[in-house]
Amino acid sequence: MTRLQSAFDAIDAANAADPQLDPQGRPQALLYGQRMTAEQQALYPDASDPLRIACRGQHVERWTLPRDSYPMDRAGYLAWRTEQGRRHAARVAGIMRQAGYGAADTADAERMLTKQGIKRDDQVQALEDVACFTFLRWYMGPFSQGRDPQDLQRIVDRTARKMSAMARVRALAEFAIPEPFAGAFRD
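How each quantity is defined
Residues numbered from 1 in each chain as written. Predicted model: local features only at pLDDT ≥ 70, side-chain atom pairs only at ≥ 80, totals over all residues. Heavy atoms only, no water. Axes fitted to C-alpha atoms, helices over the stretch in contact; angles between N-to-C directions. Helix = DSSP H or I, 4+ residues; strand = E, 2+ residues; numbered from the N terminus. Parallel < 35°, antiparallel > 145°, perpendicular 65-115°, else oblique. Left-handed = near helix turned anticlockwise from the far one by under 90°. Contact = heavy atoms within 4.5 Å. Phe/Tyr/Trp six-rings, centres within 6.5 Å; stacked < 30°, edge-to-face > 60°. Buried < 20%, exposed > 50% of the residue type's maximum accessible area, 1.4 Å probe, protein only. Lys NZ or Arg CZ within 6 Å of the ring centre and 35° of its normal.

Participant: Please clarify how the packing of helix H6 (residues 122-144) against helix H8 (residues 165-174) should be interpreted in this entry.
Facilitator: Their axes nearest at 10 Å, the elements H6 and H8 cross at an angle of 20°. Overall, the two elements H6 and H8 adopt an arrangement that is roughly parallel. As H6 packs across H8, the resulting crossing turns out to be right-handed. The segment H6 lies against H8, with Asp-129, Phe-133, Leu-136 and Arg-137 engaging Met-166, Ala-167, Arg-170, Ala-171 and Glu-174.

Structure representation (C-alpha cells):
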C-alpha cells in the first residue's frame, strides 16, 4: 500500500464515524472527502500528495466541533471555521506522519488546511478551488433552498471571489449558473 493510500484510508476511517448520514445512509464527512478527491482529480490531476491529502481531509471529523459551539453570527462563524481549519490540519498532519510523510509534506498540508496564503500560494488556492467546486456541484442546490435572493447573491459572490481565475472560467463552463449569479464568476 502506498503512503497516499494509507493516508486516504485513515481519513476515510475517521470520517466513517460521522453520525450524520446522507439520505442513502452514508456518513456525510466520508462522502464529502470522496467528493473533494473527485473534484481535485478533475481540476488538478497532477496534484502533489499533500494537496491530495488536504483535499480528502479538509473536513476530517468536522462533526466533533458543532457549528452551534460558537455564536450564530458572522464573527462566530469565522471563529468556528478558523478553529475547524486548525483541528483538521493537526489531525491530517498526524495521519500523514503515521503514513510515513516527512515534515515538509506535512507542513504543506497544514498550511493548505489553515488557508495560509490563499490567493498567493498555488497549492492553498488549489484546495480552495476544489472546495468551491465541491460546494457548487453538491451542496449549493440544497443550501440555496428557502434563502433570501440577496443573501444568496452575497454567498455566491463570496464563493466566486475565493476562486482562481481558472476555476471561475471552468465553473461557468461546467455549471448552469443563472444570471445574476453568473456575473460573480466573470472577471
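Participant: Sorry, what's going on with the packing of aromatic side chains here?
Facilitator: Each aromatic ring pair is summarised here by two numbers: the centre-to-centre distance and the angle between the ring planes. On inspection of all chains with the given rule, the structure shows four aromatic pairs. Between the aromatic rings of Tyr-77 and Trp-80, the centroid separation amounts to 6.0 Å while the plane-to-plane angle is 40°, which identifies the pairing as tilted. With Tyr-77 and Trp-80 both in helix H4 (residues 74-99) and three residues apart, this pair spans about one turn of that helix. On the accessibility criterion, Tyr-77 (28% relative accessible area) is partly exposed. On the numbers, 5.3 Å between centres and 55° between planes, the contact of Phe-133 with Phe-175 is tilted. With Phe-133 in helix H6 and Phe-175 in the segment after H8, this residue pair connects regions lying 42 residues apart in the sequence. In this structure Phe-175 comes out as buried when scored by relative accessible area, which is 14%. Over the ring of Trp-138 we find Arg-35; its NZ or CZ atom is 3.8 Å from the centre of that ring. The positively charged end of Arg-56 is found above the aromatic ring belonging to Phe-8, 4.3 Å away from the centroid.

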